[in-house]
Amino acid sequence: MNKLTILLDRDGVIIKDVGYLNSVKKIKFLKGVFQAFKYLKKNKIKVIIITNQSAVGRGIINSTKLKSIHNYINNCLKKRGGEIEKFYFCPFHPKYGKGYYKKNSFDRKPNPGMIIKAKRKFKLNSKNCFMIGDKFSDKLAAKKAKIKFYFKQNQSFLIQIKSLLKKY
């Protein structure tokens, strides 16, 4: 488990998917997330979030608000011994984005752009990282970026993480 990094989708993986998250009041961490992040930090395993956020492109929230939501999530994790190394998000949507945000983006999952950026920045390869997501678009993005993918299981996140780490 040396220098392993885990890439995670955000909604449906670490927090409840509530549609377009526009307030920290709507954040509900999923079962076992705090324990899993504490375990990962203790074992020096980095966590990176890879998330489509068309709410920005649709004008539901702005990127400053989204970054404050991400800071809130990270602060909650840090208070309990965990941490997210970096958040990558794609604000674009090819159909529903407004103005500048209405475009096809190589970053928008199922495209691998955000994963490729993370791989470059953190020197990741197919042996030292994997991704967990809850949608087929997450799986496709991971496949295109040539990294292993696992669907989020309906169990405590800590149990899933410990089970997956046995493979590395």
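A short tour of the structure in this document, coming up. As the structure is a computational prediction, the values presented were derived from the model and not from experiment. (Residues numbered from 1 in each chain as written. Predicted model: local features only at pLDDT ≥ 70, side-chain atom pairs only at ≥ 80, totals over all residues. Heavy atoms only, no water.)

### A short note on the pairing of strand S1 (residues 5–8)
- The side-chain alternation of S1 yields two buried faces, one formed by Thr 5 and Leu 7 and the other by Ile 6 and Leu 8.
- Pairing of S1 with strand S2 (residues 46–52) involves four bridges; the strand directions are parallel. Bridging from a neighbouring strand, Ile 6 pairs with Val 47 of S2.
- The β-α-β motif built from S1, the intervening helix H1 (residues 33–42) and the parallel element S2 has right-handed crossover chirality. (Buried < 20%, exposed > 50% of the residue type's maximum accessible area, 1.4 Å probe, protein only. Helix = DSSP H or I, 4+ residues; strand = E, 2+ residues; numbered from the N terminus. Pairing = 2+ DSSP bridges. Right-handed = clockwise from strand over helix to strand, strands pointing away.)

### Structural notes on helix H5 (residues 136–144)
- The set of residues buried in H5 consists of Asp 138, Ala 141 and Ala 142. For H5, the angular spread of the buried residues around the axis is 100 degrees, confining them to a single face. Exposed and facing more than 90 degrees away from the buried side of H5 are Phe 136 and Lys 143.
- Structurally, H5 contributes buried residues whose contacts are with helix H4 (113–122), strand S4 (129–133) and strand S5 (148–151). (Arc of directions from axis to C-beta. Contact = heavy atoms within 4.5 Å.)

### What about unusual backbone geometry?
- In this model, Lys 109 is joined to Pro 110 through a cis peptide bond whose omega is 25 degrees.
- Among the secondary structure elements, Pro 110 is positioned in the loop between strand S3 (86–90) and H4.
- For Lys 44, which is not glycine, the phi torsion reads 60 degrees and is therefore positive.
- Positive phi, close to 55 degrees, is recorded for Lys 123, a residue that is not glycine.
- Its place among the elements puts Lys 123 in the loop between H4 and S4.

### Quick word on the sheet that holds S1
- Sheet architecture is open: five strands sit in the order S3-S2-S1-S4-S5, paired in parallel fashion. The open sheet is flanked by S3 and S5, the only strands paired with a single partner. Across the sheet, the mean angle from the axis of one strand to that of its neighbour is 20 degrees, orientation sign disregarded.
- Contacts from H4 reach S1, S2, S3 and S4 within the one sheet, and its direction differs from that of S3 by about 150 degrees. (Axes fitted to C-alpha atoms, helices over the stretch in contact; angles between N-to-C directions.)

### A short note on the pattern of salt bridges
- Under the definition given, this model contains eight salt bridges.
- The residue Asp 17 makes a salt bridge to Lys 135 at a minimum N-O spacing of 3.2 Å. A residue pair is termed long-range when its members are at least 10 positions apart, and Asp 17 in the loop between S1 and H1 and Lys 135 in the loop between S4 and H5 qualify at 118 residues.
- The class for Asp 17 is partly exposed, based on a relative accessible area of 37%.
- A residue is classified by how much of its surface remains accessible, and Lys 135, at 37% relative accessible area, is partly exposed.
- Put simply, Asp 134 and Lys 135 hold a salt bridge, and the shortest N to O gap is 3.6 Å.
- Put simply, Asp 9, Lys 109 and Asp 138 are held in one network by salt bridges that share partners. (Salt bridge = Lys/Arg side-chain N within 4 Å of Asp/Glu carboxyl O.)

### Concerning the packing of aromatic side chains
- All chains considered together, the criterion is met by seven aromatic pairs.
- Measuring from ring centre to ring centre gives 5.4 Å for Phe 130 and Tyr 150, while their planes differ by 90 degrees; the resulting arrangement is edge-to-face. Residue Phe 130 is located in strand S4, and its partner Tyr 150 is located in strand S5; the two are separated by 20 residues in the primary sequence.
- Under the relative-accessibility criterion, Tyr 150 is labelled buried at 14%.
- By the ring-pair criterion, three or more aromatic residues cluster together here, those being Phe 92, Tyr 100 and Tyr 101. (Phe/Tyr/Trp six-rings, centres within 6.5 Å; stacked < 30°, edge-to-face > 60°.)

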